[in-house]
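# Chain and residue survey
What follows is each chain in one-letter form.
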Amino acid sequence: RLTDVLRVTPASGFSRHTASQVVETFREIAELMIYGDQHDPSFFDAFIEQRVMAHFTKFISPPDGGRPDRDIALQLLQTLAIVVQNVREETSLFFLFSEGHVPRRLVEANLDFDDEEVLGRYVSLLKTTSMRLNARTVQMFFFTGTETRGGKAAGEQSDAVAAAFPLFAAGARFLSHHESMVRAASRTITLNCLAVTDARVRQFLCSPKPWGKCVPRAVEAAGATVAALTEATLFAEPDAPGARERANLVAELGDLLSFVDDAAGLPDVQLSGEAAGSLAERVEAELWSGIVAPTLLGSIAPGPERFSTPGDDSRAPRSLADSRDSRDSRDSRDAGPPQTSPVTALFAVSRLAV
């Protein structure tokens, strides 16, 4: 009965009464799916036979490419987050993530991200999903060139060039969002993707373009945050206007540095080519070239040549050159690295050392 409602209802262009009926159907199916996973597999098997995930995604990603009904999108995002979080059996996860319904159609759905509630539930679902990634489940989220393009020519290309990881891309997209909760969720998604100990996935994520979307961007944001933390703000009295700004900037700096530190502490995977080396070395190189040498040391004692000389990387991490090459964009460097006062730079060094 429940799947019949979804089967006969078109993906769009329905009445508010029909939308309410579909929303309630989502709720009931979610309850039964969780019950079936934990108590009676026959319930879950029934939903597999009825291809319930295909019906779910037809509403979140209509065939015409338009945006889904808002109420239905909100309920479906919440429903799937609850189901993904609560199922216990890995075989149930395989069903949820199979055929690209969640890994591609939902992750890449045309949603209204200007709607804060829609965005909040979307990143919540992505965060919950990323927490279920492991070396086995990630295979349904990571698409190689042969899977996406087909044919011998595509198969001859390296995964780092031809592969796609939509979940990672969606998480990295909101790393600089103005809403702190969205940024926090995006960092968790990114770290969970990086943490997967699958060589092909890590090789792809450590290639220049994907890598440039995460750690280098966080380091760049940390430098901008330090530059925004003026002495007047840093030493503002508790009841002064700058006190709140100081609290926000210090908290953001702490979050960014924690994200970078967490990335450095992830387990290593044996890689080859330009992605070879430990994550800790890569992160150290990004910190040195992105904030320590140009912004912190450069602000404490102007004259960056004292800390790095062209052709001499004796003071820099061994992979500094590779680190610089991994950046997607260098437009901001045309105006020089962000600078701050020596006092603020010393404060930032103290936070970096914690």
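Throughout, residues of each chain are indexed from 1 in the direction in which the sequence is written. Since the coordinates come from a predicted model, pLDDT governs what is reported: local features require at least 70, and pairs of side-chain atoms require 80 or more to be given and counted, while whole-chain, interface and lining totals use all residues. As a convention, hydrogens and water are excluded, and side-chain values are obtained from all of the structure's heavy atoms.

## Looking at unusual backbone geometry
A positive phi angle, near 50°, is found at R51, a position not held by glycine. Helix and strand definitions here come from DSSP, where helices need a minimum of 4 consecutive H or I residues and strands a minimum of 2 consecutive E residues; each element is numbered from the N-terminal end. With respect to the helices, strands and loops of the structure, R51 is situated in the loop between helix 3 (41-49) and helix 4 (52-60). With a relative accessible area of 45%, R51 lands in the partly exposed category. Burial status follows relative accessibility: with a 1.4 Å probe on protein chains alone, a residue under 20% of its type maximum counts as buried, one over 50% as exposed, and anything between as partly exposed.

## Regarding helix 2 (residues 16-38)
Here a helix's expected span is defined as the number of its residues, less one, multiplied by 1.5 Å. Its 23 residues give helix 2 an end-to-end C-alpha distance of 34 Å, which sits within 8% of 33 Å, the value for a rise of 1.5 Å per residue. Whether two residues touch is decided by their heavy atoms; if any such pair falls within 4.5 Å, the residues are in contact. Close packing links the buried residues of helix 2 with helix 1 (2-8), helix 3, helix 4, helix 5 (70-86) and helix 6 (90-97).

## A word on the confidence of the model for the chain
With 85% of its residues at a pLDDT of at least 70, the chain reaches an overall mean of 82. Confidence scores labelled pLDDT are given residue by residue by the predictor and lie between 0 and 100. In this model residues 148-159 is a low-confidence stretch, pLDDT under 50, and it forms 14 contacts with partners more than four residues away in sequence or in other chains. Taken as a whole, residues 304-334 scores under 50 in pLDDT and shows 43 contacts with residues more than four places along the chain or in a different chain.

## With respect to the side chain of T137
Within the fold, T137 resides in the loop between helix 8 (116-130) and helix 9 (145-148). Here T137 falls in the buried class, since its relative accessible area comes to 0%. Engagement of the side chain of T137 in a polar contact is seen with the backbone oxygen of R132, the distance being 2.9 Å. Excluding its chain neighbours within four sequence positions, the residues that come into contact with T137 are E90, F94 and R132. In the analysis that follows, any N or O atom pair within 3.5 Å is treated as a polar contact, provided that within protein one partner can donate a hydrogen and the other can accept it, and provided that, for residues neighboring in sequence, both atoms belong to side chains.

## Digging into the packing of helix 5 against helix 8
Working convention: axes come from line fits to C-alpha atoms, limited for helices to the stretch in contact. Angles between N-to-C directions cover 0 to 180 degrees. Here helix 5 crosses helix 8 at 20°, and the two axes come no closer than 9 Å. Classified by the angle between their axes, helix 5 and helix 8 sit roughly parallel to one another. The hand of the helix 5/helix 8 crossing is left-handed. Across from R70, L74, Q75, L77, Q78, L80, A81, V84 and Q85 in helix 5, the residues of helix 8 making contact are E117, V118, R121, Y122, L125, T128 and T129. Basically, the charged four are Asp, Glu, Lys and Arg, the nonpolar ten are Ala, Val, Leu, Ile, Met, Phe, Trp, Tyr, Cys and Pro, and anything else, Gly included, counts as polar. When the residues that make up the contact of helix 5 with helix 8 are grouped by side-chain class, the tally is eight nonpolar, five polar and three charged. Geometric relationships in this document are graded by angle, where less than 35 degrees denotes roughly parallel, more than 145 denotes roughly antiparallel, 65 to 115 denotes roughly perpendicular, and other angles denote oblique. By convention the crossing between two helices is left-handed if the near helix lies anticlockwise of the far one by an angle smaller than a right angle, and right-handed if it lies clockwise.

## Here we look at the packing of aromatic side chains
For Phe, Tyr and Trp, rings pair up if their centres lie within 6.5 Å, where Trp contributes its six-membered ring, and each pair is then called stacked (planes under 30 degrees apart), edge-to-face (over 60) or tilted (otherwise). If you walk through the whole model with that rule in mind, you get nine aromatic pairs. The interplanar angle of 70° and the centroid separation of 4.8 Å between the aromatic rings of F97 and F141 together place this pair among those described as edge-to-face. Here F141 lies in the loop between helix 8 and helix 9 and F97 lies in helix 6, a separation of 44 residues in the sequence. Here the aromatic residues F142, F165, F168 and F204 are joined through ring pairs into a cluster of three or more. Between R104 and the ring centre of F143, over which it is positioned, the NZ or CZ distance is 4.3 Å. Lysine and arginine charges are scored as sitting over a ring when NZ or CZ, respectively, is within 6 Å of the ring centre and within 35 degrees of the ring normal. Over the face of the ring belonging to W211 we find R282, whose NZ or CZ atom lies 4.5 Å from the ring centre.

## Notes on helix 18 (residues 241-264)
With 24 residues, helix 18 extends 36 Å from end C-alpha to end C-alpha; this agrees with the ideal 34 Å at 1.5 Å per step. G242, A243, L249, V250, E252, L253, L256, L257, F259, V260 and A263 are the residues of helix 18 that are buried. Looking at the buried positions of helix 18, the neighbouring elements they touch are helix 13 (180-194), helix 16 (215-228), helix 17 (231-234), helix 19 (279-300) and helix 21 (342-353).

## Observations regarding the nonpolar core
Put simply, a nonpolar core is a bunch of buried Ala, Val, Leu, Ile, Met, Phe, Trp, Tyr and Cys residues held in one set by side-chain atoms that sit within 4.5 Å of each other. Counting 95 residues, the largest nonpolar core has L96, Y122 and F165 as its most contacted members. Broken down by element, this core gets its largest block of residues, nine residues, from helix 5. Sequence-distant contacts of F165, defined by excluding residues within four places in its chain, comprise L133, V138, F141, F142, C193, V201, F204 and L205.

## Thoughts on the environment of T344
Relative to the helices and strands, T344 is located in helix 21. Among the residues examined, T344 registers a relative accessible area of 0% and is labelled buried. On a C-alpha basis, the gap between T344 and L229 in space is 6.9 Å, while along the polypeptide they are 115 residues apart. Dropping the residues within four chain positions of it, T344 is found in contact with V226, L229, T230, E231 and L234. Engagement of the side chain of T344 in a polar contact is seen with the side chain of S341, the distance being 3.0 Å.

## Considering a nonpolar patch on the surface
Only residues whose relative accessible area exceeds 30% and that take part in no salt bridge are eligible for patches, with like-charged residues grouped when within 9 Å of each other and nonpolar side chains (Val, Leu, Ile, Met, Phe, Trp, Tyr) grouped when within 5 Å. Surface exposure here means Shrake-Rupley accessible area, sampled with a 1.4 Å probe, where a residue is shielded only by the protein chains that are shown. Salt-bridge detection follows one rule: a side-chain nitrogen of Lys or Arg within 4 Å of a carboxyl oxygen of Asp or Glu. A cluster of nonpolar side chains, contributed by I300, L346 and V349, occupies part of the molecular surface with about 220 Å² of accessible area. In this fold, I300 is placed in helix 19. The partly exposed category is assigned to I300, whose relative accessible area is 33%.

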